[in-house]
Amino acid sequence: NESVRFKTVHAGRRSYKTEIAKRTLVTEGMKIQGEALFFGAPTRDQAKRIAWEDLKLLALPVTKKVSESELQIKLISGTEIWVLGFDVPERFEGKRWKGGILTEVGSMKDTVVNETVMPAMRDTNGWLWLEGVPEGKNFYYELSQYAKLGDPEWKDYCWFTSEVLDPIEVEKERGRLDERTFRQEYEGSFESY
């Protein structure tokens, strides 16, 4: 609930970071009128699989219109929620975005965030969540580190899967995986390989 514009969220797998993000997107869509919000993933198919059905259900009580072909929900507030894949960044360009969620950020190209999405957020004074499990120490790691430096527009969040799921199940994975992979996948740790 913190009113921070840019959030990096690198929590473990199955820790509900994406579920929280989807609920936030619909809630924010009802707080504003006539704007556009987005949920983006590395590919369109992945974005659709991760978010489309859930967003339609979450928004159902406040939905005015749904476009299955465009993966767009128009809310009664006049705000649109779009589900996008950033494998073709041009799908994002040309629209005024008030905010959004990027999931699986560690699997995206840095140019998607730095050259496509961030300029659009500056244009509208918009907000952005960058979430996902780390994929080594890439640009997502650098964004997370920047969020920890004290810029009041940025904040970094992390929590362990064991704080959400049955710790016994998580410990079974600890025993199966090497320590580095376990820390990355279940503790949201940025690891070098």
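Chemist: Talk me through helix H2 (residues 44-59); I want residue IDs and the actual numbers.
Modeler: In the structure, H2 departs most strongly from a straight axis at Ala 51, where the bend amounts to approximately 40 degrees. Within H2, the full set of buried residues consists of Gln 46, Ala 47, Ala 51, Trp 52, Leu 55, Lys 56 and Ala 59. As for H2, its buried residues are in contact with helix H1 (17-31), strand S2 (36-41), strand S3 (63-67), strand S4 (72-75) and strand S5 (80-85).

Chemist: Break down the nonpolar core for me, with residues and values.
Modeler: Considering soluble globular proteins, one finds that nonpolar side chains tend to be buried as a cluster. Core analysis: the biggest nonpolar cluster contains 25 residues, and Phe 38 and Leu 102 have the highest contact counts within it. Those elements that place two or more of their residues in this core are S2, S5, helix H3 (110-124), strand S7 (127-131) and helix H4 (139-147). Per-element tally for this core: the top contributor is H3, with six residues. By size, the runner-up hydrophobic cluster in this structure holds 20 residues, among which are Ala 51, Trp 52, Ile 73 and Trp 127.

Chemist: Pulling in residues and values, what's your account of the packing of helix H5 (residues 167-176) against helix H6 (residues 179-187)?
Modeler: Put simply, H5 and H6 touch, their axes get as near as 8 Å, and they point 150 degrees apart. In terms of orientation, H5 and H6 fall into the roughly antiparallel class. Taking contact as the criterion, the partners of Val 170, Glu 173 and Arg 174 in H5 are, on H6, Glu 179, Phe 182, Tyr 186 and Glu 187.

Chemist: An account of H4 is requested, with residue identities and associated values reported.
Modeler: Of the positions making up H4, those classed as buried are Phe 139, Tyr 140, Leu 143, Ser 144 and Ala 147. Taken down its axis, H4 places every buried residue within 150 degrees of arc, on the same side. On its buried face, H4 sits against strand S1 (6-9), H3, S7 and strand S8 (154-157). Of the residues that open H4, the one with a side-chain oxygen 3.0 Å from the backbone nitrogen of Tyr 140 is Asn 138.

Chemist: A description of the sheet that holds S1 should follow, citing residues and the corresponding values.
Modeler: Taken in spatial order, the eight strands line up as S3-S4-S5-S2-S6-S7-S1-S8 in an open sheet, and their pairing is mixed. Each end of this open sheet is capped by a strand with a single partner; those strands are S3 and S8. Pairs of neighbouring strands in the sheet enclose a mean axial angle of 15 degrees, with direction left out of account. Relative to S7, strand S6 (residues 99-102) runs parallel, the two sharing four bridges. For Gly 99, the partnering residue across the bridge sits in S7 and is Trp 127. Here H2 sits on the sheet in contact with S2, S3, S4 and S5, set at roughly 160 degrees to S5. Seen against the sheet, H4 touches S1, S7 and S8 and runs at an angle of roughly 115 degrees to S8.

Chemist: Lay out the pattern of salt bridges in plain terms, naming residues and giving numbers.
Modeler: Inspection of every chain in the model, using the stated rule, returns 16 salt bridges. One salt bridge in this structure joins Arg 5 and Glu 153, with 2.8 Å as the shortest N-O distance. Residue Arg 5 is located in the segment before S1, and its partner Glu 153 is located in the loop between H4 and S8; the two are separated by 148 residues in the primary sequence. Take Arg 5: its relative accessible area is 16%, and that puts it in the buried class. Looking at Glu 153, the relative accessible area reads 23%, which means it is partly exposed. The partner of Glu 169 in a salt bridge is Lys 172, and the shortest N-O contact between them spans 2.9 Å. Here the residue Glu 169 and the residue Lys 172 both occupy positions in helix H5, the gap between them amounting to three residues, near one helical turn. Among the residues examined, Glu 169 registers a relative accessible area of 43% and is labelled partly exposed.

About the cut-offs
Think of each chain on its own: its residues are numbered from 1, step by step along the sequence as written. The predicted origin of the model limits local features to residues at a pLDDT of at least 70 and limits the giving and counting of side-chain atom pairs to 80 or more, whereas totals for whole chains, interfaces and linings rest on all residues. In computing side-chain properties, one takes all heavy atoms of the structure into account and sets aside hydrogens as well as water. Note that the bend at a residue is defined as the angle between axes fitted to the seven residues ending at it and the seven residues starting at it. In this description a helix means any DSSP run of H or I spanning at least four residues, a strand means any run of E spanning at least two, and both kinds are numbered starting from the N terminus. Each residue is assigned to one of three classes by its accessible area relative to the maximum for its type, calculated with a 1.4 Å probe on protein chains only: buried under 20%, partly exposed between the two thresholds, exposed over 50%. Should any heavy atoms of two residues lie within 4.5 Å, those residues are counted as being in contact. The set of buried Ala, Val, Leu, Ile, Met, Phe, Trp, Tyr and Cys residues whose side-chain atoms join them within 4.5 Å is what this entry labels a nonpolar core. Where helices are involved, their axes are fitted lines through C-alpha atoms of the stretch in contact, as for all axes, and angles between N-to-C directions lie from 0 to 180°. Throughout this description, any angle smaller than 35 degrees is read as roughly parallel, any larger than 145 degrees as roughly antiparallel, any in the 65 to 115 degree range as roughly perpendicular, and the remainder as oblique. The directions considered for the arc are those from the helix axis to the C-beta atoms. Whenever two N or O atoms come within 3.5 Å, that pair is a polar contact, provided that in protein one can donate a hydrogen and the other can accept it, and provided that, for residues adjacent in sequence, both atoms are side-chain atoms. In this analysis, strands are considered paired if DSSP registers two or more bridges between them. Salt bridge criterion: a side-chain nitrogen from Lys or Arg within 4 Å of a carboxyl oxygen from Asp or Glu.

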